[in-house]
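# Structural characterization, general
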Amino acid sequence: MMKTRLYVLLFLFFFSSQFVYSASSSPVVGEHGAVSSGSVLASQAGIEIMKKGGNAVDAAVATGFALAVTHPEAGNIGGGTFILFQNALGEAFALDAREIAPLSSTRNMYLDEQGNVVKGLSINSHLSSGVPGTVDGYLKFHERFGKLSRREVMAPAIRLAEKGFVINQELAKQLKRQEKKFPVSEASMKIFMKDGQALPEGTLWKQKDLAKTLKRISLQGRSGFYEGKTAKLIVDEMERGNGIITMEDLANYSSVWRQPLKGSFHDAEIISMPPSSSGGVLIIQMLNMLEQFDLASMGWGSADYMHTLIEVERRAYADRSEHLGDTDFYDVPLEKLMDKAYAKKRLSDFNKKKASDSDKIGPGSWPKESKDTTHFSVADQDGNVVSITTTLNFSFGNKITVSGAGFLLNNEMDDFSTKPGVPNAYGLLGNEANAVQPGKRMLSSMSPTIVNRHGKPLLVTGSPGGSTIITSTLQVILNVLVFDMDINDAVEAPRFHHQWKPDDVKYERLGFSPDTLKLLQQRGHDMKASAYPLGDTDSIFLKDNKLEAENDPRRRGGASAF
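Structural notes, computed from the coordinates. Each chain carries its own residue numbering, running from 1 in the written order of its sequence. Residue-level local features of this predicted model are given only where pLDDT is at least 70; pairs of side-chain atoms are given and counted only at 80 or more, and the full residue set underlies all totals for whole chains, interfaces and linings. Hydrogens and waters are ignored; side-chain quantities use all the structure's heavy atoms.

With that settled, the discussion passes to empty space enclosed by the protein. Each cavity reported here is a set of points on a 1 Å grid over the protein atoms alone in which a 1.4 Å probe fits but cannot get out, each pocket an open set with protein on both sides within 12 Å along at least five of seven lines, and each lining residue one with an atom within 4 Å of a point. Grid points are joined across faces, edges and corners, and a volume is the space filled by probe spheres set on the points. In this structure, the largest cavity occupies an estimated 100 Å³ of space. Residue classes in the lining of the largest cavity are distributed as eight nonpolar, five polar and no charged. Under this grouping Gly is polar, as are all residues other than the nonpolar Ala, Val, Leu, Ile, Met, Phe, Trp, Tyr, Cys and Pro and the charged Asp, Glu, Lys and Arg.

Structure below.
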């Protein structure tokens, strides 16, 4: 383990000069409650609610709404969310609040008359937005499991929007990166810019329109967003930009309770999100494949270890391209994909010294029978744990703000397969299982996950990062379960990613030994240093009646506990 810790420390030393981060190398520890999220202020909002007598659910909803104010690039009320919850009795629940395709959506809505994909239409236009699900999800989750009132849990978010907060260095940089894109929306320019430039660090940022929208939700509940004034503002925005979301679309939206996926890895139980997320399926499938190897003896960061994970990822992502979609519209073979015998069969052609050819691997078969998101983890003293991943898809969604309502629209329609064989913005391929259909939820990679050991929660984790969400979450789980890392090392350790196609391995720059990279290249892997950090695994580790909240240093954010 000393060798692993040395790699982590060296990585962070060089990492700090490559990317801005705002986390300590030690977790924040508490006994009564803990929150780790992409925003210090949002985490503090969750702790504030627990100190008032709220449980982990109340804190999670407070954190989620606060992220819509303080973490605008991904925290949202205009996007979608996956919620995974395990109560103190060990009962698990999954709420799918993913966006859905508007009722007037069509299979070929992003193709021209020649059948070619129209560049940017599923990303940068009003037509790129699915019907938002986050608000319905948070409210439905809170109504079923929360203790405090809706007004109490939403109060911190409303205060942050109304009274304002000071823009820090990282948020200022995020805004600056979008400076040339915000002019697509007059409302976005009004909110995120001043005198033609992005709001600078140190600005006291007040969001009056967003505060009014949050107040309507606080006072009226679901109807404060999906009906009445807010809904009318959304539809008016759609009509200005030739979008297709209607009052009927909004009124009909409903998040869906689903059966959480459960798997095992040696002595640990894995609980994760079912479709319309692909994350839980792939994590369990990859762990099933990896269970056949003595990973610990290979050594963390070794060529053997990385080669094994790459080959497992290659096969899982190939399966994703063919078999995963919204289970309300497509018969996803969940049991087969998560079957340990299938995992063994999937690796029958594994060569421990040579990379596979992705063109020859393809999706598995048998006889017929979702780059910006944010994740947060919450735990309380009673044993309730919550893992939530929420997104607009791209950073700041499609950059279009609903005029008068103060929030950004998502561009999640790009997560559908716009045309078989044509990759989406993350390079992911899809087929009929994930084709556009009215009322359908687009496939996601979001992977909120809870790991139990001996019947008690051990780890709450997940990540943003588009297609890298799944592999980032997987590697944190392996770091804890296989290499017995403490939570800060598990979260901070360098990562790598492979997704079948494109057939290359992205790795975090300066995170791995040059000798190891050379050995992997010799085995046939196309190794490419990533221009960006992989994931943001804000996690909580539960140990000896302590709650250890760790904020990933790869992005701004913070953990709070008491």
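Take the sheet that holds strand 14 (residues 449-453) next. The strands making up a sheet are joined through hydrogen bonds of the backbone, oriented either antiparallel or parallel. One open sheet holds the seven strands; their spatial order is 1-20-19-15-14-11-10, and the pairing between them is antiparallel. Of all the strands in the sheet, the pair left with one neighbour each is strand 1 (28-30) and strand 10 (261-265). Sheet twist, expressed as the average angle between the axes of neighbouring strands with direction ignored, equals 25°. Two residues qualify as a contact provided that any one of their heavy atoms is within 4.5 Å of a heavy atom in the partner residue. Fitted lines through C-alpha atoms give the axes, limited to the stretch in contact for helices. The angle between two N-to-C directions lies from 0 to 180 degrees. Each helix is a run of DSSP H or I of at least 4 residues and each strand a run of E of at least 2, with the numbering of both proceeding from the N terminus. Helix-sheet contacts for helix 12 (residues 279-290) involve strand 10, strand 11 (268-272) and strand 14, and the interaxial angle to strand 10 is about 20°. Packed on one face of the sheet, helix 18 (residues 469-481) meets strand 10, strand 11, strand 14, strand 15 (456-461) and strand 19 (539-543) and runs near 140° to strand 15. Pairing between strands is defined by DSSP: at least two bridges between the two strands are required.

Here we come to the packing of aromatic side chains. Aromatic rings from Phe, Tyr and Trp, with only the six-membered ring used for Trp, were paired whenever their centres fell within 6.5 Å, and each pair was classed as stacked if the ring planes differed by under 30 degrees, edge-to-face if by over 60, and tilted otherwise. Inspection of every chain in the model, using the stated rule, returns 19 aromatic pairs. With 5.9 Å between their ring centres and 25° between their planes, tryptophan 300 and phenylalanine 512 make a pair best called stacked. With respect to burial, tryptophan 300 and phenylalanine 512 carry one shared label: buried. Measuring from ring centre to ring centre gives 5.1 Å for tyrosine 305 and phenylalanine 483, while their planes differ by 90°; the resulting arrangement is edge-to-face. Phenylalanine 483 sits in the buried class, given a relative accessible area of 7%. We call a residue buried when its accessible area falls under 20% of the maximum for its residue type, exposed when it is over 50%, and partly exposed in between, using a 1.4 Å probe and counting protein chains only.

What follows is about the environment of phenylalanine 407. When you line up the elements, phenylalanine 407 lands in the loop between strand 13 (385-393) and strand 14. Between the C-alpha atom of phenylalanine 407 and that of phenylalanine 396, which follows or precedes it by eleven residues, the distance is 9.7 Å. Apart from the residues lying within four places of it in its own chain, the contact partners of phenylalanine 407 are Ile77, Gly78, Leu210, Thr213, Phe225, Thr230, Ile234, Ile400, Thr401 and Val402.

Moving on, we get to the packing of helix 3 (residues 56-70) against helix 4 (residues 134-145). Relative orientation of the contacting elements helix 3 and helix 4 amounts to 160°, with a least axis distance of 9 Å. Taken together, the axes of helix 3 and helix 4 are roughly antiparallel relative to one another. Crossing of helix 3 against helix 4: the hand is left-handed. In this structure, helix 3 contributes Val57, Asp58, Ala60, Val61, Gly64 and Phe65 to the contact, and helix 4 contributes Val135, Tyr138, Leu139, Phe141, His142 and Phe145. Among the residues making up the contact of helix 3 with helix 4, the classes are represented as nine nonpolar, two polar and one charged. Between 65 and 115 degrees an angle is taken as roughly perpendicular, under 35 as roughly parallel, over 145 as roughly antiparallel, and anywhere else as oblique. Each crossing gets its hand from how the near helix is turned against the far one by less than a right angle, where anticlockwise is left-handed and clockwise is right-handed.

Expected helix span is taken as 1.5 Å per residue step, with the number of steps being one fewer than the number of residues. In this model, helix 2 (residues 40-51) (twelve residues) spans 16 Å end to end at C-alpha, consistent with the 16 Å of a helix rising 1.5 Å per residue. Here the buried face of helix 2 lies against strand 2 (33-37), helix 3, helix 5 (150-163), strand 12 (372-380) and strand 21 (558-561). With a side-chain oxygen lying 3.3 Å from the backbone nitrogen of leucine 41, the N-terminal cap of helix 2 falls on serine 39. After helix 2 finishes, the residue glycine 53 shows a positive phi value of roughly 105°. Within 3.5 Å is the distance limit for a polar contact, defined as a pair of N or O atoms, with the added protein rule that one can donate a hydrogen and the other accept it, and that residues adjacent in sequence qualify only through two side-chain atoms.

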